[in-house]
Amino acid sequence: MTTEKKNKLIIGLFGFGVVGQGLYKVLQEVQTADAVIKSVCVKHKDKPRSIDSSLITLNPDDLLNDPEINLIVELIDDADAAYHLVKTALMNGKSVVSGNKNMLAHHLSELIGLQREYGVALLYDASACGSIPVIRNLEEYYDNDLLQSITGILNGSSNFILTRIFQQGWNYNDALKHAQKLGFAESNPSFDVDGFDSMFKLIILALHGFGTLVDPEEVFHYGISTVSDHDILYAREKSKKIKLVAQVSKVNGKKFTMFVLPKLVSDDEYIYNVEEEYNGVIIEGQFYDKQFMFGKGAGAFPTGSAVLSDITARKHSYRYEYKKLNFFASPVYTRDITVEVYLRYHDLVDLSHFDFESVSEKYTGPAYNYVIGKIKLDTLHKMKNLIRKLNVFIAWTGKID
Ligand code: HSE
């Protein structure tokens, strides 16, 4: 047997949705991958699919217990089911490629342990920023102490929606429906528009960038589902756009903070021109200032290509070493910072819930009201469930203390 033959990847694929189909087509086009899909496990057998029906099974064990399958690719929607599949696969001695950011953000601690214990690998570059190779770069290039912050648009759907609203005057619901139709949005679109998806991705980036895994419950995230014409008008008057931004940054040498918030972005910022389903990530470091990565963040082929890259990385036995986690003093997560926000509200009673440290601007008009003020991130986090029930919209001005 030649080495090449021995290293051939025999894949068991879970899920044949947008990304699964994207991967299947990408693999058909690629001559060099030397990887073949042996079986595809799906939930509903009778759906029409552009794949040989003899490959399809409903039984996960057909993949998990097949000794010939040496790589599991997990591309299903259900995070709990994905967790059990990935865990079983690793314990069965099979390496795994996954795109499930929700599952990873909740279970990475245990899954890192299982990789070590069973001598297998779990790769998931496709889980954050679609086609942009952020995780592998954080792991390999930024494997030193210089990294100061990672800021970016990590969710393609919300960026698509905001682009259509800002550039083409679409209404929010039509833009969301279109993002769903194009296969960008999660099956529960609240994950996209309320910042969950960005938050899960941010947690993964923070682990690889700074070496600390943060519980999703501890991260403040707020999205764009309540953005209104007033907010769009306000942004336009200030020559700004609104983008859903996720940021993780060092606070001092030993601490770091993270959050997801819509941001008022000015035209001198790299992400100002990141439109449609594209993502953009700004990496800031000591001595090298800023770097910018840009690419498609959602969709069948961009994400399918990212999965392919993880598959071919496995061909060369690549694994994450979790360098920041294993070889550096992990910084402590804090919400003890202050952010300056624009808060649009209608009723004074809604405003009264916000305990601002200071207010620099107040506007009261016939149609809407707003304040610009500084508020503790921890204060926002404590009221995160309440905020979603209020008739308000919040956007970060970019100032942080
Ligand atoms: N729903 C996600 C997004 C898909 O819109 O970015 C890619 O992770």
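Residues numbered from 1 in each chain as written. Predicted model: local features only at pLDDT ≥ 70, side-chain atom pairs only at ≥ 80, totals over all residues. Heavy atoms only, no water.

**Student:** Please set out the packing of aromatic side chains residue by residue, giving values where relevant.
**Tutor:** Any aromatic ring pair is given by two values, namely how distant the centres are and how the planes are angled relative to each other. In this structure the tally under the stated criterion is 23 aromatic pairs. For the ring pair Y141 and Y142, a centre distance of 4.8 Å and an interplane angle of 75° mean the geometry is edge-to-face. A ring pair is formed by Y222 and F393, whose centres lie 6.3 Å apart and whose planes are at 45°; its orientation type is tilted. In this pair, Y222 is assigned in the loop between β8 (220-221) and α11 (229-237) and F393 in strand β17 (residues 392-400), connecting sequence segments 171 residues apart. A network of ring pairs unites the aromatic residues Y234, Y342, Y363, Y368 and Y370 as a single cluster. Here the guanidinium or amino end of R136 rests over the ring plane of Y318, the centre of that ring lying 5.5 Å away. Over the aromatic face of F328 sits the side chain of K324, whose NZ or CZ is 5.8 Å from the ring centroid. (Phe/Tyr/Trp six-rings, centres within 6.5 Å; stacked < 30°, edge-to-face > 60°. Helix = DSSP H or I, 4+ residues; strand = E, 2+ residues; numbered from the N terminus. Lys NZ or Arg CZ within 6 Å of the ring centre and 35° of its normal.)

**Student:** Which residues make up the packing of helix α7 (residues 156-168) against helix α8 (residues 172-181), and what values go with them?
**Tutor:** One way to put it is that α7 packs onto α8 with a least axis distance of 9 Å and a crossing angle of 135°. Here α8 runs oblique to α7, going by the angle between their axes. The two elements α7 and α8 cross, and the hand of that crossing is right-handed. Within the contact between the two elements, α7 uses S157, F160, I161, R164 and I165 and α8 uses Y172, A175, L176, H178 and A179. Its residues placed into classes, the contact of α7 with α8 shows seven nonpolar, two polar and one charged. (Axes fitted to C-alpha atoms, helices over the stretch in contact; angles between N-to-C directions. Parallel < 35°, antiparallel > 145°, perpendicular 65-115°, else oblique. Left-handed = near helix turned anticlockwise from the far one by under 90°. Contact = heavy atoms within 4.5 Å. Nonpolar A, V, L, I, M, F, W, Y, C, P; charged D, E, K, R; others polar.)

**Student:** Go over the pairing of strand β5 (residues 95-98), please, and point to the residues and values.
**Tutor:** The two faces of β5 match: S95 and V97 on one face and V96 and S98 on the other face are all buried. Looking at chain direction, strand β4 (residues 71-74) and β5 are connected through four bridges and run parallel. Bridge assignment links V73 to a residue of β5, and that residue is V97. Read as a crossover between parallel neighbours, the route from β4 over helix α4 (residues 79-91) to β5 is right-handed. As defined by bridge partners, β5 adjoins strand β6 (residues 122-123) across two bridges and the pair is classed as parallel. (Buried < 20%, exposed > 50% of the residue type's maximum accessible area, 1.4 Å probe, protein only. Pairing = 2+ DSSP bridges. Right-handed = clockwise from strand over helix to strand, strands pointing away.)

**Student:** Run through unusual backbone geometry, naming residues and quoting values.
**Tutor:** Even without being glycine, C129 reaches a positive phi, approximately 65°. Structurally, C129 can be placed in the loop between β6 and α6 (134-140). Overall, the relative accessible area of 0% leaves C129 in the buried class. For E276, which is not glycine, the phi dihedral falls at a positive 50°. By secondary structure assignment, the location of E276 is in the loop between β10 (255-266) and β11 (278-285). Relative accessible area serves as the criterion here: at 19%, E276 is assigned to the buried category.

**Student:** How would you explain the site of the ligand if you had to name every residue and give the values?
**Tutor:** Every residue lining the ligand is accounted for by K101, N155, G156, S157, F184, A185, E186, D192, D197, K201, G297 and A298. Taking K101, its side chain carries an N or O atom lying 2.7 Å from an oxygen atom of the ligand. Contact distances for the ligand include 3.4 Å between an oxygen atom and a side-chain N or O atom of N155. In the complex, the protein chains occlude 93% of the 250 Å² of accessible area that the ligand would expose alone. The set of elements that each furnish at least two residues to the shell around the ligand consists of α7 and α10 (196-210). (Near = heavy atom within 4 Å. Polar contact = N/O pair within 3.5 Å; in protein donor to acceptor, adjacent residues only side chain to side chain. Areas by Shrake-Rupley, 256 points an atom, 1.4 Å probe, with all protein chains shown as cover.)

**Student:** Residue-level account of the pattern of salt bridges, with values.
**Tutor:** Side-chain pairs of opposite charge can arise where the charged atoms are in close proximity. Per the stated rule, a full pass over the model turns up 25 salt bridges. Measuring nitrogen to oxygen at the nearest pair gives 3.8 Å for the salt bridge that ties D125 to R136. In this pair, D125 sits in the loop between β6 and α6 while R136 sits in helix α6, placing the two residues 11 residues apart along the sequence. Classification of D125 by relative accessible area gives buried; the value is 3%. In this structure, K323 engages D143 in a salt bridge whose closest nitrogen and oxygen atoms are separated by 3.7 Å. Residue K323 is located in helix α13 (residues 323-327), and its partner D143 is located in the loop between α6 and β7 (147-153); the two are separated by 180 residues in the primary sequence. In the salt-bridge network here, residues are joined through shared partners; they are K101, E186, D197 and K201. (Salt bridge = Lys/Arg side-chain N within 4 Å of Asp/Glu carboxyl O.)

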